[in-house]
Amino acid sequence: MSNEIKPLKILHTSDIHLGAYDKRSGRFSDENKIKQERHFIKIIELGISHNVDAFLIPGDLFDNARVDDETLVLFANEIKRLGVPTIVAPGNHDHVGPNSLYDRIDLNKIASNLFILRNESGSSITFDELNLKIWAKAHTEEIPDFRPFSEPPARNYDGWYICMGHGHYIHPKAVQRHSFHISCQEINHLDCDYVALGHWEQYTIVEAGNNTLAAYSGAPESLAHESGLGGRVLLVELNSKDDKKITALSLNGEEKIEHEDMPYLEADKDYNPFNEFK
């Protein structure tokens, strides 16, 4: 990577589950719906106030394919207001394929700065003005053994390279019956500058190897309200290859959590994902 690439500020969140309390959701609640939408609007306000360059959402932006059209429109209008490239990698709740909610409304007609990476085998998008390339796979219900980072392409890019993935990181205490495995070895193999992870409600940095920085943003609001999880989004600052920083920003007025105070999860050193690809 060139040392002359300009710094970037990235807003990273996931597992928002917009529409979880809509009328056809099975858990309809006006009170929770309003609260959830206010949380999302707060995320946009944080992006604006911190003058971010891009917004990343690695999965479960929406809760299900039955969300109300008004929820889709609210999302798109807020992304338009944010005004920076917003990249979505669909997760298992908002998957691509048959009956995908992303086929119902052309969200780009409202927000031209919205980019949805919809290929289950992986696709990338490049923003020349930011010297930024992003790659991700989209979830689909048609691939039961889906792995977000299996068989990635070569980096082939001198600017900032970010990968996005929605799945379970394998650590020493991980329950491996969970699907959508992500390993330290796979993250290292991506050869990227930052890996934006989703699928967990707890924010944490994970072991990634070399100079790669990888983290789960956690959920802005847990669907299990009593869990105490969620409530933060990540501000990722990429200054140089050797100078990268994450800050966990609160949506509830609490103090921010600096990089050195972030939770850190070590990898399961005995787990070899590449044996599964043979």
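Reading the values: the criteria
Residues numbered from 1 in each chain as written. Predicted model: local features only at pLDDT ≥ 70, side-chain atom pairs only at ≥ 80, totals over all residues. Heavy atoms only, no water. Axes fitted to C-alpha atoms, helices over the stretch in contact; angles between N-to-C directions. Helix = DSSP H or I, 4+ residues; strand = E, 2+ residues; numbered from the N terminus. Parallel < 35°, antiparallel > 145°, perpendicular 65-115°, else oblique. Left-handed = near helix turned anticlockwise from the far one by under 90°. Contact = heavy atoms within 4.5 Å. Nonpolar A, V, L, I, M, F, W, Y, C, P; charged D, E, K, R; others polar. Buried < 20%, exposed > 50% of the residue type's maximum accessible area, 1.4 Å probe, protein only. Pairing = 2+ DSSP bridges.

Colleague: Explain the packing of helix H1 (residues 30-49) against helix H2 (residues 69-82) here, please?
Modeller: Helix-helix packing is described using two parameters, namely the angle between the two axes and the distance between the axes. It is at 9 Å that the axes of H1 and H2 come closest, and there the two elements cross at 15°. Relative to H2, the element H1 is oriented roughly parallel. The two elements H1 and H2 cross, and the hand of that crossing is right-handed. For the pair H1 and H2, contact is made by Lys33, Glu37, Phe40, Ile41, Ile44, Glu45, Gly47 and Ile48 and by Glu70, Thr71, Leu74, Phe75, Glu78, Ile79, Arg81 and Leu82, respectively. Residues belonging to the contact of H1 with H2 are distributed by class as follows: eight nonpolar, two polar and six charged.

Colleague: What should I look at first to understand the side chain of Ser29 in this one?
Modeller: Among the secondary structure elements, Ser29 is positioned in the loop between strand E1 (8-12) and H1. Here Ser29 falls in the buried class, since its relative accessible area comes to 16%.

Colleague: Any chance you could explain the sheet that holds strand E4 (residues 114-116) here in plain terms?
Modeller: In a beta sheet, neighbouring strands pair by backbone hydrogen bonds and run either parallel or antiparallel. If you walk across this open sheet you meet the six strands as E4-E3-E2-E1-E13-E14, and the pairing is mixed. One side of each edge strand has no neighbouring strand; the edge strands of this open sheet are E4 and strand E14 (243-250). Pairwise comparison of adjacent strand axes, ignoring direction, gives a mean angle of 20° for this sheet.

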